[in-house]
Amino acid sequence: MLVKDAMTKNPIVCTAETNLRDAVGLMRKHHIGGLPVMEGTELVGILTESDLISLLESERISDDLWLPSAFEIIEIPIREFINWEKTKHALRNIGDMQAKKVMTHRVITATEGMEIGAAAELMLKEGIARLPVMRGKKLVGILTRADIINAVGSSHSAKEGAET
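Residues numbered from 1 in each chain as written. Predicted model: local features only at pLDDT ≥ 70, side-chain atom pairs only at ≥ 80, totals over all residues. Heavy atoms only, no water.

Colleague: Explain the sheet that holds strand β6 (residues 130–135) to me, using residue names and the numbers behind them.
Modeller: What holds strands together in a sheet is hydrogen bonding between their backbones, with the strands either parallel or antiparallel. The strand order across the open sheet formed by 4 strands is β1-β7-β6-β5, and the pairing between neighbours is mixed. Here the strands that pair on one side only, and so sit at the sheet edges, are β1 (8–9) and β5 (110–111). As paired elements, β6 and strand β7 (residues 138–144) share 6 bridges and run antiparallel to each other. Pairing of V133 across the sheet is with G141, part of β7. Packed onto the sheet, helix α6 (residues 116–126) meets β6 and β7 and runs at close to 130 degrees relative to β6. (Pairing = 2+ DSSP bridges. Helix = DSSP H or I, 4+ residues; strand = E, 2+ residues; numbered from the N terminus. Contact = heavy atoms within 4.5 Å. Axes fitted to C-alpha atoms, helices over the stretch in contact; angles between N-to-C directions.)

Pasting the structure below:
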């Protein structure tokens, strides 16, 4: 089976200038975990759930803050409070950030004529959940893990139906 037989055609995309608030809105509305990022007709990146979640990582307890031993019992809560304040400040600005500031720039792609098994192997090797599908330099689809499962499942069901 080929990628073109399993991919989602005409994927939902955003532009490099799309703010994250709007990008997340698209992801929620369409129940998807990533958006190819376009500049005109050129694929320039991909914005994924992982990219967004990485913005929410709070910092580790800072090693440079030390309080006298009399305060050791409250040292960790104070450190965590300082980290929470930094996190709250960062969260206020996330929605206005543009996709190009957060997206993954190195986009791994598939072609329509690639075997679905080769695409699945590439996804596993690279640790990714979706592959934009290209025809030359044109984005024509996206292949997700769910697309592969659905294609393999329907192929298996069709074989079982033919055998009975």
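Next comes the rest of the account.
Colleague: Outline the pairing of strand β3 (residues 34–39), listing residues and values.
Modeller: Taken across its 6 residues, β3 has 5 buried, putting it largely inside the fold. Strand direction decides the pairing type here: strand β2 (residues 14–15) and β3, joined by 2 bridges, are parallel. Its bridge partner being in β3, C14 is matched across the sheet by V37. In this structure, β3 lies alongside strand β4 (residues 42–48), joined through 6 bridges in antiparallel fashion. In the sheet register, V37 faces β4, and the bridge partner there is G45. Hairpin connection, β3 to β4: the antiparallel pair is bridged by 2 residues, and G40 has positive phi, about 65 degrees. (Buried < 20%, exposed > 50% of the residue type's maximum accessible area, 1.4 Å probe, protein only.)

Colleague: I'd like a rundown of the nonpolar core, residues and numbers included.
Modeller: Formed by 15 residues in total, the largest nonpolar core has its most connected members in V3, L131, V133 and L143. Elements represented by at least two residues in this core include exactly α1 (3–6), α6, β6, β7 and α7 (145–163). The biggest single contributor to this core is α6, with 4 residues. C14, L20, M27 and L52 belong to the second largest nonpolar core, which has 14 residues in total. (Core = buried A, V, L, I, M, F, W, Y, C linked by side-chain atoms within 4.5 Å.)

Colleague: How would you sum up the pattern of salt bridges? Please name residues and give values.
Modeller: In this structure the tally under the stated criterion is 5 salt bridges. Among the ionic pairs, E112 bridges to R135, the shortest N-O distance being 2.8 Å. Pair noted here: E112 is in the loop between β5 and α6 and R135 is in strand β6, with a separation of 23 residues, a long-range link. On the accessibility criterion, E112 (17% relative accessible area) is buried. On the accessibility criterion, R135 (46% relative accessible area) is partly exposed. Linking E126 and K125 is a salt bridge whose minimum nitrogen-to-oxygen distance equals 3.8 Å. Among the ionic contacts, a cluster of salt bridges with common partners joins R106, K125 and E126. (Salt bridge = Lys/Arg side-chain N within 4 Å of Asp/Glu carboxyl O.)

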